[in-house]
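In case you want the letters, here they are:
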Amino acid sequence: SLKTKIISLSIIYIVINVFNALSSFLSRTLRVLHYQKMYIDLSAKFYDHVIDIKKNEYASRSTGDIIQRNIEDCKRIPMVFRNSLYEIFKILFNL
């Protein structure tokens, strides 16, 4: 009957929306965790690189410049992955 079809379609619609909400939440959570891990790893690698630089290289740059580059570059690189790469996966998954 028409009533059972409407109820069935409503239940299917609700299930799909709940699944969509859960997958969206998990996606955002994974993006944040991945971003933080990439930021920490990049910062550690940059620090190791800075430690290995010869002392005469520091004469041409200020300490503040080196620290600022570390902070900004290590933030921007994971942001590219967080914003664009995950959006591509989201579009493909939705298709």
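For the structure, check the block above.
As the structure is a computational prediction, the values presented were derived from the model and not from experiment.

## Focus on the overall build of the chain
Inference 1: Of regular secondary structure, the chain possesses three helices and zero strands.
Inference 2: Ordering the α and β elements of the chain from the N terminus gives α-α-α.
Inference 3: In terms of C-alpha radius of gyration, the chain reaches 23 Å, well past the compact-globule figure of 12 Å for 95 residues.
Inference 4: On the principal axes, the C-alpha backbone points of the chain span a range of 85 × 15 × 15 Å.
Inference 5: Evaluated residue by residue, the chain yields a buried proportion of 11% over its 95 residues.
Inference 6: Carbon and sulfur atoms provide 68% of the accessible area of the chain, an area that totals close to 8100 Å².

## Description of the side chain of Arg31
Inference 1: By secondary structure assignment, the location of Arg31 is in helix α1 (residues 2–52).
Inference 2: Here Arg31 is in contact with Arg82, Tyr86 and Glu87, once residues within four sequence places are set aside.

## A look at the packing of α1 against helix α3 (residues 63–94)
Inference 1: Relative orientation of the contacting elements α1 and α3 amounts to 150 degrees, with a least axis distance of 9 Å. One element, α1, and the other, α3, form an angle in the roughly antiparallel class. For the pair α1 and α3, the sense of crossing is right-handed.
Inference 2: The class makeup of the residues in the contact of α1 with α3 is 17 nonpolar, three polar and four charged.

## Examining α3
Inference 1: Spanning 32 residues, α3 covers 47 Å between terminal C-alpha atoms, matching the ideal 46 Å at 1.5 Å per step.
Inference 2: If you check which residues of α3 are buried, you get Ile66, Asn70, Cys74, Pro78 and Tyr86.

## Side note on the environment of Ile7
Inference 1: Position of Ile7 relative to the elements: it lies in helix α1.
Inference 2: The exposure class of Ile7 is partly exposed, given its relative accessible area of 43%.
Inference 3: With 76 residues separating them along the chain, Ile7 and Asn83 place their C-alpha atoms 38 Å apart.

## With respect to a nonpolar patch on the surface
Inference 1: Together, Ile77, Val80, Phe81, Leu85, Ile88, Phe89, Ile91, Leu92 and Leu95 make up an exposed nonpolar region whose accessible area comes to about 900 Å².
Inference 2: Within the secondary structure, Ile77 sits in helix α3.
Inference 3: Ile77 gets classed as partly exposed once you look at its relative accessible area, which sits at 41%.

Conventions adopted
Residues numbered from 1 in each chain as written. Predicted model: local features only at pLDDT ≥ 70, side-chain atom pairs only at ≥ 80, totals over all residues. Heavy atoms only, no water. Helix = DSSP H or I, 4+ residues; strand = E, 2+ residues; numbered from the N terminus. Rg over C-alpha atoms; globule rule 2.2 N^0.38 Å. Buried < 20%, exposed > 50% of the residue type's maximum accessible area, 1.4 Å probe, protein only. Areas by Shrake-Rupley, 256 points an atom, 1.4 Å probe, with all protein chains shown as cover. Contact = heavy atoms within 4.5 Å. Axes fitted to C-alpha atoms, helices over the stretch in contact; angles between N-to-C directions. Parallel < 35°, antiparallel > 145°, perpendicular 65-115°, else oblique. Left-handed = near helix turned anticlockwise from the far one by under 90°. Nonpolar A, V, L, I, M, F, W, Y, C, P; charged D, E, K, R; others polar. Expected span 1.5 Å × (residues − 1). Patch = residues over 30% accessible without salt bridge, like charges linked within 9 Å, V, L, I, M, F, W, Y side chains within 5 Å. Salt bridge = Lys/Arg side-chain N within 4 Å of Asp/Glu carboxyl O.

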